[in-house]
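Descriptive analysis of the structure
Here is what each chain is made of, one letter per residue.
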Amino acid sequence: MIAEGKITVTLGDSVQIASNRTASVSGLLAGREVGEALALLPMVFSLCGHAHCAAAQLATGQGAADMRLVLAENAREHLLRILLGWQGGGTSMPAPPVMALVADMHEAIENRDTVSVAATLDDYLEAHVFGCPPEDFLAGKSWLGAKTQAAAYLRDIQENGWQALGQTDPAPLPTLPARMLAKRMQEPGFCRYPDWQGTPRETGPFARHGQHPLVAAHGSGLLARLMARLVALALLPAQMRRSTPQDATPPFGMVETARGRLVHMAELEGGRIASYKILAPTEWNFHPEGVAAKALKGLAPAQAKAVIEAIDPCVDFELRAA
C-alpha cells in the first residue's frame, strides 16, 4: 500500500514473486511527535491515504476514526480497477464521478449529509455497473445481460473458459489475536513476508466474501474473485449509511481497505513515536509462497495478468516469462 515500488512476477515451472518496495516507515516516523507523524502520512501514501490515516489515528490512540472517507475511498478503488482493467466491451463507465467520490464525501461530512453520497453511489452502480439496483444484484437477480463494462468483461471471462483460472485452496486471513500479532510484528521480516500459523494468508474481497452465494457458486478462481469485488462494491452504499466511528485500539489500528486488511502498530514514548510498523495487504497476497504465487502456476501471460489484477496489488507489477 506504500506508493513506491513494484512487484515482479516471473512465470515458469515455478512462479517467482519479488518486490522492491519497503513495507515500513519506521525510520521516517521514529522520534516525531504524534501530530507531526499523522500529518506526514497523507504525503507518504498516495494510494488509500485515508485508510492509512484512519489506521494511524487508531494505532496512536488519537480517538475514534470516522470511516466514511475510507468507505468512499474503497468505492473509488474498486471502481477504478473495473474502469481501467475490465476491458471486454460494453458501455464504458464515466470516470469523473468515480474520481469525485472522496471529495464528495468530504463535503457531505461537512454538510452532515453523507446519505447523499450513498444515494449517488447507488445510482452510479445501477446505471454503470450492474444495470440494476445493487440490492437486486446482491439478491441474485440476473444481470450479466446488461450492457455495462463490468457485465461485458465477465461474459468474456466465461466465453474464454477462464472462470476457474488461478483456483486455489482458500486461506483467508482470520481475526488476529492482539498479543500474538504484536509479537509477530516485532519479528524481523514479518511485515515484509507475513504468515499466520505457518501459512501466507489471503486478505481482500475474496477473503471477506468468499462464502457469499454469488461468490461461492464459482469456486475460488478468477470469476469468483471478480464476483467478490462486485459484492464488496454493492455493499458499500449501505455501509456508508450505517457507518459509525471506529474506536481506537492502541497499539493497533486495523482498517479494511479495498485490497484487504491494513494494520498499523505504534509504540509511543512521551508523546513521540518510538516504533512504527505497517502490515499492508499486498505483503500477504503477493508473498512469494502466497495466494498469487499459487494461483499463477501454469498460466499463460494474458491469463496471469487477469488473475494478478483480480487479486490486485497496490503497486505496479511487471510480468515476465522465464
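Residues numbered from 1 in each chain as written. Predicted model: local features only at pLDDT ≥ 70, side-chain atom pairs only at ≥ 80, totals over all residues. Heavy atoms only, no water.

1. Here's the deal with empty space enclosed by the protein
- Counted by the stated rule, this structure contains three cavities of 30 Å³ or more.
- Estimated volume of the largest cavity: approximately 90 Å³.
- Residue lining of the largest cavity: I7, I17, A18, S19, R21, R192, Y193, T282, E283, F286, H287 and P288, and that is the complete set.
- Within the residue set of the lining of the largest cavity, elements represented by two or more residues are β2 (16-19) and α14 (281-285).
- The dominant element in the lining of the largest cavity, judged by the number of residues it contributes, is β2, at three residues.
- Its residues placed into classes, the lining of the largest cavity shows six nonpolar, three polar and three charged.
- Approximately 70 Å³ is the volume found for the second largest cavity.
- Every residue lining the second largest cavity is listed: E202, T203, G204, P205, F206, A207, R225, R259, N285, A310 and I311.
- Contributions of two or more residues to the lining of the second largest cavity are made by α11 (205-209) and α16 (301-311).
- By residue number, the principal contributor to the lining of the second largest cavity is α11, which donates three residues.
- Grouping the constituent residues of the lining of the second largest cavity by class yields five nonpolar, three polar and three charged. (1 Å grid on protein atoms, 1.4 Å probe; cavity = no way out; pocket = protein on both sides within 12 Å on 5 of 7 lines; lining within 4 Å. Points joined across faces, edges and corners; volume = space filled by probe spheres on them. Helix = DSSP H or I, 4+ residues; strand = E, 2+ residues; numbered from the N terminus. Nonpolar A, V, L, I, M, F, W, Y, C, P; charged D, E, K, R; others polar.)

2. A closer look at the sheet that holds strand β1 (residues 6-11)
- Reading across from one edge, β2-β1-β6 is the order of the three strands in this open sheet, with mixed pairing throughout. Of all the strands in the sheet, just β2 and β6 (316-321) have a single pairing partner and so form its edges. If you compare each strand with its neighbour and ignore which way they point, the axes differ by 15 degrees on average.
- Here six bridges tie β1 to β6, and the two strands are oriented parallel to one another. Among the inter-strand pairings, K6 is bridged to a residue of β6, identified as D316.
- Packing of α16 onto the sheet brings it into contact with β1 and β6, and relative to β6 it is tilted by some 155 degrees. (Pairing = 2+ DSSP bridges. Axes fitted to C-alpha atoms, helices over the stretch in contact; angles between N-to-C directions. Contact = heavy atoms within 4.5 Å.)

3. Concerning the sheet that holds strand β4 (residues 260-269)
- Strand order in this open sheet of three strands is β3-β4-β5, and the pairing throughout is antiparallel. Each of the sheet's edge strands pairs with one partner strand only, and the pair in question is β3 (252-257) and β5 (272-279). Across the sheet, the axes of successive neighbouring strands diverge by a mean angle of 20 degrees, strand direction being ignored.
- As paired strands, β3 and β4 are joined by six bridges and run antiparallel to one another. Each bridged residue has a counterpart across the sheet, and for F252 the counterpart in β4 is M265.
- Lying over the sheet, helix α3 (residues 49-59) contacts β3, β4 and β5, oriented at roughly 155 degrees with respect to β3.

4. A short note on the layout of surface pockets
- Empty space within the largest pocket amounts to approximately 360 Å³.
- Along the wall of the largest pocket there are 17 residues; nearest its centre are L71, N74, R208, Q239 and E256.
- Among the elements of the structure, α4 (68-85), α11, α13 (222-242) and β3 are those that each provide at least two residues to the lining of the largest pocket.
- The residue makeup of the lining of the largest pocket, split by class, is seven nonpolar, seven polar and three charged.
- The calculated volume of the second largest pocket comes to roughly 180 Å³.
- As for the second largest pocket, its lining consists of G85, Q87, Y153, D156, I157, N160, W162, A302, K305, A306 and E309.
- Broken down by element, the lining of the second largest pocket gets its largest block of residues, four residues, from α16.

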